[in-house]
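What the coordinates show
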Amino acid sequence: MFEKQTVSPTWRSVMVTRHLPESLSGLESLCKNLWWCWNDDAKSLFRTIDYDIWHRSGHNPVEVLDKVSLKRYNKLAADPEFLGRLNAVMTEFNAYMAEKSKRSEPSVAYFCMEYGLDTSLKIYSGGLGILAGDYLKESSDMNVNLTAVGLFYRYGYFNQRLTPQGNQVAENDPQDFMKTPAQPVIDPDGKWLTISVELPGRVMQARIWKVEVGRTDLYLLDTDYEANSPEDRQVTHSLYGGDWDNRMKQELLLGIGGVRALRALGIHTTIYHYNEGHAAFAGLERLREYISTGKFSYHEALEMVSASGLYTTHTPVPAGHDAFSEETIGRYLGYYPSTIGISWEQFMALGKVHSSDRNEKFSMSLLAANLSQNVNGVSMLHGKVSREMFAKLYPGYLPEELYISHVTNGVHYPTWAAKEWKAIHSRVFGPDFATHHYDKRCFDGIYQVSDEEVWNTRKILKKDLISQVKERLSDPLISAHYSPSQIVTIKENLRDDVLTIGFARRFATYKRATLLFSDLDRLSSIVNDPKRPVQFIFAGKAHPADVMGQDLIRRIVEISKDPRFIGKIVFVPGYNITLAKRLVQGVDVWMNNPTRPLEASGTSGEKAAMNGVMHFSVLDGWWVEGYKEGAGWALPIEQTYDDPNYQNELDSATIYRILENEIAPAYYDVDPETGRSEKWISYIKNTIAQVASEFTTNRMLTDYCEQYYIPQCERYHSLEADDCAKARAISAWKDKVFANWDRISVVSHTKPESSYDLSSKNELTSEVVVSLGELSPEDIGVEMVFTADDSKGVPHIQEIAQYTLVDVFQGNARFRVSVLPERTGMYNVGTRVYPKNELLPNRQDFPLLKWL
């Protein structure tokens, strides 16, 4: 007899993991290495497995492999065509990865708060992350020995949704880490490798994950697990999330925790590259490492840490640099000064201009600069802005004298160029292009391509973009900001044969996204021109805390619903890497309107240029260097008005004029026989040959290697030799000079006359006699500086003449100079004394200075 029947089901949890047929096992390796995301054949392979799952997963191969049925796998395993493609991709991948063993010095540890590699790994928010992601991909392609460190965010950056009123809603969906390419790092005992960072009254633990980016390894730290308190688990919840205490813990984890993670992995690199000031605490940890050996004084350790440090700043305004109150620094790092053998005031001096001012905040940017031999901006103009921003660290020097230079940002060509363009370029750029070690003049090969092929390629890409935009807006979950009837109208009005201009980026007020809307009547006449219509596609996110940025989005949505503009001005929500690719590949013109000089670099226009899309922008950031006549359009670099409203009015009028008189006429200047615009095609070719060639990460990484990594590596090893003999010598010399600097006095100074009739027989002369105390004449330099004021009264150096040592008597040194200035005119002339040692990497490395 059966017992009493049970009507409620009894469930038991059973975990089913995938096990691919042996012939498909290569897919496992492939999905865990992000190399696939910039290899078109690999992407095509995953798409073929199951297009619907590929599409629904957001192009995530890990999720595709998890969701495909065993029946489908067995079918693929018996498909010779698929197996042939898989084998071809795996052969290419394995040959690519085999080159990793050939990496050598310089070895680089690269620290960044975010990385934009692929939509399947949500650890990025915008430009900084995308730039860092492109940089890792390029380091892989060029086989540079670079290891990257970052944080693994549970929620990443927010997903964007718009309400019917155009209000942005930030949705934070947690990532399933097991659906990402990140893999736990396991120690020899089979345990998850972890590190710890001290916090007030407790220790925070972090797990280490590894992401393979081609040949480059990215290690991510994650605190969201049971070893930590709920408060500390939140540290890696959200990128740039939480209050300033949480930001402090994130930056401690990235910097101090990042160095400890490298050591736990057995990694000791030569160069430490801090991509933004967020990572500056890494320098403190490296100081602690040296000093804890008992073999180095603080100043000796500082020489070694600085020699191997490189700090890249991406921010053109002081307010954009992270800074913490002295109280916050004391709470979290109060123990650090005694650990490295210095006073609290010395410690504060690492991050402050005035170390004793308790109201001045401790700047992460100043800390990074003080712990790095080199500092660079990310464009030529931003380098100049950065010199002005950091000038307060080096009193007595003019900003233009500072050692701070620049490497202009670039973009990863294989990621952002459409496959259609890549096929063309591979034919005409020459065989070296595929090796990633090429002469950038190979881009001139685009001039060999027929006008027909160039025109048709652009048409294909624009048609694909318009189709994708219509498909996206057909999804009610995405297009809630438009009504169903508005969607129908948009799909009718949005055309693939109309001049299409794209504007997509983070919505911040300085980017002036609504400048285009200053005169709606004039804009309407441009958009609705019966012979030369224009349409605009907008996309982008505003920071959840940036109310003014969200207002810009709402305004664009509002105007896009105006009957005059519906379907001709469109806002597409959900901006991410996938949508960005479609836009930069599909539009005809890429538009940017930042307030000068607030765009440090900008890279979206560079991505567009890879696809023959012309840039139309203010001359700011990278476009100052990139603009070429016949390859884009530019608003003047000069700011005509101090009043921003007047300047905006002028700039908007200029935009309308260029659209009406230059851009639209060129696009629609179509030969009736060929159906093509010869002028527009020439712009496309010029853009690829003259603009795109200069703004790849290939050029960018080459610049970093040649300007910084290689020279710093060589200098570091020279300091390290013979038990760090040179580093100790520099430290001892600095201590001696510093102790005696205030004892230097001027015995006599023969100043130049106030008026000179210069000739080769009547040079400007000066003599200085200096009492050196315990210093030797070789310890100092004396120089005469000539400056002239510009129209705003700002002095600029015209010439610097070094005094030569004439003789030494009774502890005094006599220096003399004779100068014949290059040009006549009014000069400001001064003489100064500075510490001089050929072992210094630059003058500001020891920025003592006396003006006489």
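Because the structure is predicted, anything quoted here is derived from the model rather than measured. (Residues numbered from 1 in each chain as written. Predicted model: local features only at pLDDT ≥ 70, side-chain atom pairs only at ≥ 80, totals over all residues. Heavy atoms only, no water.)

1. Focus: the overall build of the protein chain
Secondary structure summary: the protein chain contains 28 helices and 28 strands in total. Taken over C-alpha atoms, the radius of gyration comes to 30 Å for the protein chain, in line with the 29 Å a tight globule of 852 residues would show. Projecting the C-alpha coordinates of the protein chain onto the three principal axes gives extents of approximately 110 × 80 × 50 Å. Looking at the protein chain as a whole, 56% of its 852 residues qualify as buried. Considering only contacts in the protein chain between residues 6 or more positions apart, those separated by 24 or more positions represent 71%. Across the protein chain, the 92 positively charged side chains and the 110 negatively charged ones have centroids separated by 4 Å. (Helix = DSSP H or I, 4+ residues; strand = E, 2+ residues; numbered from the N terminus. Rg over C-alpha atoms; globule rule 2.2 N^0.38 Å. Buried < 20%, exposed > 50% of the residue type's maximum accessible area, 1.4 Å probe, protein only. Contact = heavy atoms within 4.5 Å. Lys, Arg positive; Asp, Glu negative; His and termini not counted. Charge placed at Lys NZ, Arg CZ, Asp CG, Glu CD.)

2. A few points about helix H26 (residues 644-667)
With 24 residues, H26 extends 32 Å between its outermost C-alpha atoms, agreeing within 8% with the 34 Å of an ideal straight helix rising 1.5 Å per residue. By the largest-angle criterion, Leu-659 marks the main kink of H26, which is about 45°. Gln-647, Asp-651, Ser-652, Thr-654, Ile-655, Tyr-656, Ile-658, Leu-659, Ile-663, Ala-664, Ala-666 and Tyr-667 are the residues of H26 that are buried. (Expected span 1.5 Å × (residues − 1). Bend = angle between axes of the 7 residues up to and from the residue.)

3. Some points on the state of the cysteines
Tallying each qualifying case throughout the model produces 0 disulfides. Cys-37 takes part in no disulfide bond, and the closest cysteine sulfur to it belongs to Cys-31, at a distance of 13 Å. Between Cys-724, a cysteine without a disulfide, and Cys-713, which holds the nearest cysteine sulfur, the sulfur-to-sulfur distance is 14 Å. (Disulfide = S-S within 2.5 Å.)

4. Examining the sheet that holds strand S25 (residues 804-809)
Read from one edge to the other, the open sheet built from 4 strands follows the order S21-S22-S26-S25, with strand pairing classed as antiparallel. With one partner strand each, in any of the chains shown, strand S21 (745-750) and S25 form the two edges of the open sheet. The sheet shows a mean angle of 20° between the axes of neighbouring strands, direction not considered. Here 5 bridges tie S25 to strand S26 (residues 812-819), and the two strands are oriented antiparallel to one another. Each residue of the ladder has a partner; that of Leu-805, found in S26, is Phe-815. (Pairing = 2+ DSSP bridges. Axes fitted to C-alpha atoms, helices over the stretch in contact; angles between N-to-C directions.)

5. Some thoughts on the environment of Lys-122
Tracing the backbone shows Lys-122 in the loop between strand S1 (108-111) and helix H7 (127-141). Separated by 382 residues in sequence, Lys-122 and Ala-504 have C-alpha atoms that sit 19 Å apart. Setting aside residues no more than four positions away along its own chain, Lys-122 makes contact with Tyr-153, Gly-156, Tyr-157, Asn-159 and Gln-175. In terms of polar contacts, Lys-122 uses its side chain to reach the backbone carbonyl oxygen of Thr-119, at 3.2 Å. (Polar contact = N/O pair within 3.5 Å; in protein donor to acceptor, adjacent residues only side chain to side chain.)

6. What to know about the pairing of strand S3 (residues 159-162)
Across the two faces of S3 the burial differs, with Gln-160 and Leu-162 buried and Asn-159 and Arg-161 not buried at all. Two elements, S3 and strand S4 (residues 168-171), share 4 bridges in a ladder whose sense is antiparallel. Its bridge partner lying in S4, Arg-161 is registered against Val-169. Where S3 folds back onto S4 in an antiparallel hairpin, the turn is made up of 5 residues, including Gly-166, whose phi is positive at roughly 90°.

7. Quick word on the pattern of salt bridges
Going through the model one piece at a time under the given rule, you end up with 57 salt bridges. Its salt-bridge partner being Glu-326, residue Lys-352 comes within 2.5 Å of it at the nearest N-O pair. Within this pair, whereas Lys-352 is found in the loop between helix H14 (344-349) and strand S12 (362-363), its partner Glu-326 is found in helix H12 (residues 326-333), the two being separated by 26 residues in sequence. Taking the relative accessible area as the measure of exposure, Lys-352 reaches 2% and is therefore buried. Arg-495 serves as the salt-bridge partner of Asp-497, at 2.9 Å between the closest nitrogen and oxygen. On the basis of relative accessible area, Asp-497 is assigned to the partly exposed category, the value being 46%. Connected through salt bridges with shared partners, the residues Glu-198, Arg-260, Glu-285 and Arg-288 form a single ionic network. (Salt bridge = Lys/Arg side-chain N within 4 Å of Asp/Glu carboxyl O.)

8. Focus on the sheet that holds strand S23 (residues 780-789)
Here we have 4 strands laid out as an open sheet, ordered S24-S23-S27-S28, and antiparallel in their pairing. With partners counted over all chains shown, the strands left at the sheet margins are strand S24 (795-802) and strand S28 (850-851), one partner each. Note that S23 and S24 share 7 bridges and pair antiparallel. In the strand pairing of S24, Met-784 is matched with Ala-801.

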